[in-house]
Amino acid sequence: MDLRQLRYFTAVVDEGGMRKAALAVHVSQPSLTTAIQNLEAELGVALFARTGRTVQPTAEGYHFYKRARALLAQAEKTKAEMLSFRALEKAEIRVAAPITIASYVLADPIGSFLKAYPGIKLSLKQMSGHEVESALLVGDIDIGVLSRQPRSAEIAAHAIHTRRICAYVREGHALTGKKTISWSELLNHPIASLPQKYVLHDIMNTHASRSKKTADLILESDVVPLLAATARQSDAVCLLLEDVARKEPGLIQLDIADDSKGGGNQKTTIDITVCHLKDSPLSLGAEAMFEHFRNIVS
């Protein structure tokens, strides 16, 4: 089994067939088919179920796909790491984070990191927390930033910051003048916030369940300017991380009391974590970025 076979195999899964996969990896279809057959013979399992001209991964194929992607990602990381020994400034780093973290937590730290390492190439993708974990597990990214602890035991997480979840309303809204509101009071108003795949949505529903209420979610979107505009032009309450009001004029920021912590002045917060695969050491460039996040963000 070699990297070439792994690339061919993952291409067949990604492209959904032999012909498209052969075009994607620039080999003839007979050569690709032979390589897949040799791989199946070596592993002793059928990786694909063939029906006519279509192929679908078997259960073993799906399992092997995850491992193959991780191995290919590790090979690319090793290559990048060896290059980074020669010059850290030439490193390439792939990062993913939910939209509000990318916009309101990482923007300044990433800017200062690229200023310190002007030759580094950085790819930052916006994903939900679930998608960030999946991308880490298959090796599509080097570093993931989450607003919670990861669910997978294969992912190492390092807390770097705590951020408040806040409510945003327009000037003249019924809640204007308050500094802190309860979830129970907030849930009496229409809400604009992130979609179901984001942890903020889960937190809102958890507090709604405790209050025996249902959130009146009139807008779900991961486009923050759209959420802010909705709050400015209606009676909706916008739920996002703190500091949105600094970049979105015309909004008033309110803290939300955490009902699950016995009342009082405890605010609703989330922990920001920087994550990577436990069995896949960070490259020098990614390690430098992690240290920068930890030192600057916190």
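Structure's up top.
Keep in mind that what you see is a predicted model, and the values were worked out from it rather than measured.

Thoughts on the nonpolar core
So, step 1. Counting residues in each nonpolar core, the largest one holds 59 residues, and the members touching the most others are Ile-143, Val-145, Leu-186 and Leu-239.
So, step 2. The greatest single-element share of this core, amounting to 6 residues, is contributed by strand 6 (residues 155-170).
So, step 3. Residues in contact with Leu-186, not counting those within four places in the same chain, are Ala-167, Ile-181, Ile-191, Val-237, Leu-239 and Ile-256.
So, step 4. Within the second largest apolar cluster, 19 residues are counted, among which are Tyr-8, Met-18, Leu-32 and Tyr-65.

Details of the packing of aromatic side chains
So, step 1. As enumerated under the stated definition, the model contains 3 aromatic pairs in all.
So, step 2. Relative to Tyr-117, the ring of Phe-113 lies with its centre 4.9 Å away and its plane at 45°, an arrangement referred to as tilted.
So, step 3. Three or more aromatic residues joined by ring pairs make a cluster, and in this case those are Phe-9, Phe-48 and Phe-64.

Some thoughts on the pattern of salt bridges
So, step 1. Under the definition given, this model contains 13 salt bridges.
So, step 2. Taking the shortest distance from any N to any O, the salt bridge between Glu-154 and Lys-66 comes out at 3.4 Å. A residue pair is termed long-range when its members are at least 10 positions apart, and Glu-154 in the loop between strand 5 (143-146) and strand 6 and Lys-66 in helix 4 (residues 59-86) qualify at 88 residues.
So, step 3. The class for Glu-154 is partly exposed, based on a relative accessible area of 33%.
So, step 4. Exposure remark for Lys-66: the relative accessible area of 29% places this residue in the partly exposed category.
So, step 5. Across the pair Glu-133 and Arg-148 runs a salt bridge whose closest N-O atoms are separated by 2.7 Å. Taken together, the residues span a long stretch of sequence, with Glu-133 in helix 7 (residues 129-137) and Arg-148 in the loop between strand 5 and strand 6 at a distance of 15 residues. Arg-148 matches Glu-133 in its accessibility class, with the two residues each being buried.
So, step 6. Where salt bridges share partners, they join Asp-14, Arg-69 and Asp-140 into one cluster.

Re the pairing of strand 9 (residues 217-220)
So, step 1. Where strand 8 (residues 191-193) lies against strand 9, 3 bridges are found, and the strand directions are parallel. The residue of strand 9 that forms the bridge with Ala-192 is Leu-219.
So, step 2. Handedness of the crossover joining strand 8 and strand 9 through helix 9 (residues 199-210): right-handed.

Some remarks on the environment of Thr-180
So, step 1. Position of Thr-180 among the secondary structure elements: in strand 7 (residues 180-182).
So, step 2. Given a relative accessible area of 34%, Thr-180 falls into the partly exposed group.
So, step 3. Through-space distance from the C-alpha of Thr-180 to that of Gln-266 is 9.9 Å; in sequence the pair is 86 residues apart.
So, step 4. Not counting residues up to four positions away in its chain, the partners in contact with Thr-180 are Asp-255, Ile-256, Ala-257 and Lys-267.

Thoughts on the packing of helix 2 (residues 18-25) against helix 3 (residues 29-43)
So, step 1. At a minimum axis distance of 9 Å, the contact between helix 2 and helix 3 shows a crossing angle of 105°. One element, helix 2, and the other, helix 3, form an angle in the roughly perpendicular class. Taking contact as the criterion, the partners of Met-18, Arg-19, Ala-21, Ala-22 and Val-25 in helix 2 are, on helix 3, Gln-29, Leu-32, Thr-33 and Ile-36.

Some points on the environment of Leu-241
So, step 1. Its place among the elements puts Leu-241 in strand 10 (residues 237-241).
So, step 2. A relative accessible area of 4% places Leu-241 in the buried class.
So, step 3. Between the C-alpha atom of Leu-241 and that of Leu-187, which follows or precedes it by 54 residues, the distance is 17 Å.
So, step 4. Other than its neighbours up to four places away in sequence, Leu-241 contacts Thr-100, Ile-101, Val-105, Arg-163, Arg-164, Ile-165, Tyr-168 and Ile-270.

Some words on the pairing of strand 2 (residues 54-57)
So, step 1. Alternating positions in strand 2 separate cleanly, Val-55 and Pro-57 being buried on one face and Thr-54 and Gln-56 remaining unburied on the opposite face.
So, step 2. Summarising the sheet, strand 1 (residues 48-51) and strand 2 pair through 4 bridges and their orientation is antiparallel. If you follow Arg-50 over to strand 2, its bridge partner there is Val-55.

The rules we used
- Every chain begins its residue count from 1, and numbering advances along the sequence as written.
- Selection of residues for local features in this predicted model requires a pLDDT of at least 70, selection of side-chain atom pairs for listing and counting requires 80 or more, and totals for whole chains, interfaces and linings are taken over all residues.
- Neither water nor hydrogens contribute to the side-chain values; these are computed over all heavy atoms in the structure.
- By nonpolar core is meant a set of buried Ala, Val, Leu, Ile, Met, Phe, Trp, Tyr and Cys residues that side-chain atoms within 4.5 Å join together.
- Whether a residue is buried, partly exposed or exposed follows from its accessible area with a 1.4 Å probe, protein chains only, as a fraction of its type maximum: under 20%, in between, or over 50%, in that order.
- Numbered from the N terminus, helices here are DSSP runs of H or I no shorter than four residues, and strands are runs of E no shorter than two.
- Throughout, a contact is declared for two residues whenever any of their heavy atoms are within 4.5 Å.
- We call Phe, Tyr and Trp rings a pair once their centres come within 6.5 Å, taking the six-membered ring for Trp, and we label the pair stacked below 30 degrees between planes, edge-to-face above 60, and tilted otherwise.
- The term salt bridge refers to a side-chain nitrogen of Lys or Arg lying within 4 Å of a carboxyl oxygen of Asp or Glu.
- In short, DSSP must find at least two bridges between two strands for them to pair.
- Crossovers are marked right-handed if the path from the first strand over the helix to the second runs clockwise, as seen with the strands pointing away from the viewer.
- To obtain each axis, a line is fitted to C-alpha atoms, and for helices this fit is confined to the stretch in contact; angles are then taken between N-to-C directions over 0 to 180 degrees.
- Note on angle classes: values under 35 degrees are labelled roughly parallel, values over 145 roughly antiparallel, values of 65 to 115 roughly perpendicular, and the remainder oblique.

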